[in-house]
Amino acid sequence: MSPLANSIVEIFSTLTLFGQGVAVFLLAILITKKFFPKEKNCQKIAKFISENYTTGIFFISAVATAGSLSFSEVANFTPCKLCWFQRIAMYPIGLISFVSMIKSDDGVKKYALPLSLIGLVIAGYHILVQTFPKALECSDEVAKCSAKEFAQYGYITIPVMAFTAFLLIALLAFFAPKTSKK
Amino acid sequence: MTRMLTCNIIEDMAEGLTKKQIKELRKLEKLQSRNLEQKNNSVKWIAIAVVSALFLVLFVGIVLVAKNKNTPAANTGSTQFADTGHVRMITSKGEEATASADPSAQIVSIVEYADLQCPACKTYHPIVKELLAAYPDRVKLTFKHYPLVSIHPNAMPSALAAEAAGKQNKFFEYIDMLYEKQEVWSALPNPQAKFEEYAKALSLDLERFKKDQKDPSAEKSINDQREEGISNGVTGTPTFYLEGEKIESPVGIEEFKKLIDAKLKTATPQNSESTSPTSAPDPLQLQP
């Protein structure tokens, strides 16, 4: 791996690790909000997230898009079939959430949630393919889905990154203000 | 949402108001919603700024990588061809040959990495053959195996069969046949009967053919050619190298001819001088 590719991997692995922390935090907030609705600090945080959830979704999907493009275009990892399916789910979220952020439309949840759940399933399957390469083989001469380009910290591979991003987007979608439902 | 509601209210009340009053109301309403939005704006702008910076870096990265790829050093330094594969030329009489009949002719070399089970290779096969006929004694094709073993289960057996036919000097006749009947044998779980049928049709010695098919050295040679292709940057089949330089597969024979004509033009026209018998050069040295 070239030093450039190495540093790209390191940057996005660190972001993924951070993202996983944020995901746990969001989940905790969601649960607290649900079962302890009188907790004031939690409500405050939830309100802030709710007000900015479109921006959050935009930010995560844009970073994921930049990450996937820098892996394929700068680090020269050839995207495999499953990677392409995940891209199909991820790239539109970035574009749609960008437009709704600019238009101050709170309704991005309607599109981001199904797209992120579809992506989540594909990323999960891809992680399985990499963990048990023989049981679920998906092969192509140029880019094998089961091949790990890298495994930072022992477990962060490209589908793990995608899984984290999709999870964050799905979690954020649950913070969507209720008024957006007509 | 709130904005739309107020808008409706304005419209409901609009009947009793003048146009000017309505306009003012709208302005007021707009200002209010802007104030509401301003709170969220700082977060929004931070996100936009960070993401724009990220994409700017990405764009610079892509440009830099593209520049690196185009440097000629990267191109010429990486391709190396061992003396393997099968050579095909067509003489001015339209006959098959392995070397030029005219030692003074300038020869353009094409190296093709191909998979006999690959439908794209089948499409290119007659084009290349036509090309060889269009430049008799001038274009030399070196056919190299690049079996895509993981997606084409019959790629390796067909390559071995072709090699076995090659032992009886019928390599290209055999692959002509294989490409022509690709739909027949490529989906078969065991194509051996078909391979033998084609060998019979070309009146090959069947016993020898069957024995040569199991030759481990042929398999090693095929794998070596594939390895060589990988290190030369082959990612799919067919991949063509013109005078050692990887080219995008031309869309048709006319495009192919243009590329070859360009190569013929750039070469020094020393052919006319080499007619004197004393300086009759070794044909190998003439190859650029």
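The structure this text deals with has already been given above.
Residues numbered from 1 in each chain as written. Chains lettered and ligands numbered in written order. Predicted model: local features only at pLDDT ≥ 70, side-chain atom pairs only at ≥ 80, totals over all residues. Heavy atoms only, no water.

Peer 1: Looking at this structure, I do not really get the environment of serine 231 of chain B. What am I missing?
Peer 2: Take serine 231 of chain B: it is sitting in helix α10 (residues 216-231). For serine 231 of chain B and phenylalanine 81 of chain B, which are 150 residues apart along the polypeptide, the C-alpha to C-alpha distance reads 10.0 Å. (Helix = DSSP H or I, 4+ residues; strand = E, 2+ residues; numbered from the N terminus.)

Peer 1: Is there a simple way to think about the pattern of salt bridges in this case?
Peer 2: Pairs may arise between side chains of opposite charge once their charged atoms sit close together. All names here are of chain B. Counting across every chain of the model gives 11 salt bridges over all chains. The salt bridge partner of glutamate 228 is lysine 144, with a shortest N-O separation of 3.0 Å. With glutamate 228 in helix α10 and lysine 144 in strand β4 (residues 139-145), the pair connects residues that are 84 residues apart, well separated along the chain. Judged by relative accessible area, lysine 144 falls into the buried class, the value being 1%. Members of the salt-bridge network, linked through shared partners, are Arg88, Glu96, Lys129 and Asp176. (Salt bridge = Lys/Arg side-chain N within 4 Å of Asp/Glu carboxyl O. Buried < 20%, exposed > 50% of the residue type's maximum accessible area, 1.4 Å probe, protein only.)

Peer 1: Quick question: what am I supposed to make of the pairing of strand β1 (residues 86-90) of chain B here?
Peer 2: In regular strands, side chains alternate between the two faces of the sheet. Residues and elements named next belong to chain B. Across the five residues of β1, four count as buried, placing the element largely inside the fold. The pairing of β1 with β4 spans three bridges and is classified as antiparallel. Among the inter-strand pairings, histidine 86 is bridged to a residue of β4, identified as phenylalanine 143. Sheet analysis places β1 next to strand β2 (residues 96-97), joined by two bridges and oriented antiparallel. Each bridged residue has a counterpart across the sheet, and for methionine 89 the counterpart in β2 is alanine 97. (Pairing = 2+ DSSP bridges.)

Peer 1: Looking at this model, I keep getting lost on a nonpolar patch on the surface. Mind explaining?
Peer 2: There is a patch of nonpolar side chains on the surface, built from Leu27, Ile31, Phe35 and Phe36 of chain A and spanning about 450 Å² of accessible area. One can find phenylalanine 35 of chain A in helix α1 (residues 3-35). (Patch = residues over 30% accessible without salt bridge, like charges linked within 9 Å, V, L, I, M, F, W, Y side chains within 5 Å. Areas by Shrake-Rupley, 256 points an atom, 1.4 Å probe, with all protein chains shown as cover.)

Peer 1: I keep staring at the packing of helix α3 (residues 53-74) of chain A against helix α6 (residues 158-173) of chain A and nothing clicks. Help me out?
Peer 2: All names here are of chain A. Close contact between α3 and α6 brings their axes to 9 Å; oriented N to C, the two are set at 165°. For the element pair α3 / α6, the angle class is roughly antiparallel. You can see that α3 and α6 cross each other, and the crossing is left-handed. Listed contacts from α6 to Tyr53, Gly56, Ile57, Ile60, Ser61, Ala64 and Phe71 of α3 are Ile158, Met161, Ala165, Leu168, Ile169, Leu172 and Ala173. Per-class residue counts for the contact of α3 with α6 are 12 nonpolar, two polar and no charged. (Axes fitted to C-alpha atoms, helices over the stretch in contact; angles between N-to-C directions. Parallel < 35°, antiparallel > 145°, perpendicular 65-115°, else oblique. Left-handed = near helix turned anticlockwise from the far one by under 90°. Contact = heavy atoms within 4.5 Å. Nonpolar A, V, L, I, M, F, W, Y, C, P; charged D, E, K, R; others polar.)

Peer 1: Would you explain the packing of aromatic side chains in this entry?
Peer 2: The relation between two aromatic rings is expressed through the spacing of the ring centres and the mutual angle of the planes. Taken as a whole, this structure holds 15 aromatic pairs over all chains when the rule is applied. For the pair phenylalanine 143 of chain B and phenylalanine 172 of chain B, a centre-to-centre distance of 6.4 Å together with 90° between the ring planes defines the contact as edge-to-face. Pair noted here: phenylalanine 143 of chain B is in strand β4 and phenylalanine 172 of chain B is in helix α6 (residues 171-180), with a separation of 29 residues, a long-range link. Like phenylalanine 172 of chain B, phenylalanine 143 of chain B is buried. Taken together, the ring pairs in this structure connect Phe12, Phe71, Phe77 and Phe150 of chain A into an aromatic cluster. (Phe/Tyr/Trp six-rings, centres within 6.5 Å; stacked < 30°, edge-to-face > 60°.)

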